[in-house]
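Chain residues, written in single-letter form:
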Amino acid sequence: MLQVAVFDEEHEKDLEEEMNAFLAELDDIQVKDIRYSVTLTIDEDGEQIYCYSALVLYQI
């Protein structure tokens, strides 16, 4: 059965840590695909807000 895990963090290092912890629980053969995305927006104060996200498709 295919499953997905979605990760969403404001900092790329946080995303890396979360994903590495999750992937450490899986066998290499279970991971089918990883999709990565970065989104940027500007808040009302003019501050840049980044969203780093990834989707892991894996087999159980």
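Quick caveat, the model's predicted, so the values are computed rather than measured.

It is worth spelling out the nonpolar core at this point. Of all hydrophobic cores here, the largest spans nine residues; its members are A5, F7, L15, M19, L26, Y52, A54, V56 and Y58. Secondary-structure elements contributing two or more residues to this core are β1 (2–9), α1 (12–23) and β3 (48–59). Element by element, the count of residues in this core is highest for β3, at four residues. The residues touching V56, leaving out its near neighbours within four places in the chain, are Q3, V4, A5, F7, M19, F22, L23, V31, D33 and I34.

For the rest of this paragraph, the subject is the pairing of strand β2 (residues 31–42). In this sheet, β3 lies alongside β2 in antiparallel orientation, the contact comprising 11 bridges. Looking across to β3, one finds that S37 is bridged to S53. Linking β2 back to β3 in an antiparallel pair, the connection comprises five residues, with G46 at a positive phi of about 85 degrees.

How each quantity is defined
Residues numbered from 1 in each chain as written. Predicted model: local features only at pLDDT ≥ 70, side-chain atom pairs only at ≥ 80, totals over all residues. Heavy atoms only, no water. Core = buried A, V, L, I, M, F, W, Y, C linked by side-chain atoms within 4.5 Å. Buried < 20%, exposed > 50% of the residue type's maximum accessible area, 1.4 Å probe, protein only. Helix = DSSP H or I, 4+ residues; strand = E, 2+ residues; numbered from the N terminus. Contact = heavy atoms within 4.5 Å. Pairing = 2+ DSSP bridges.

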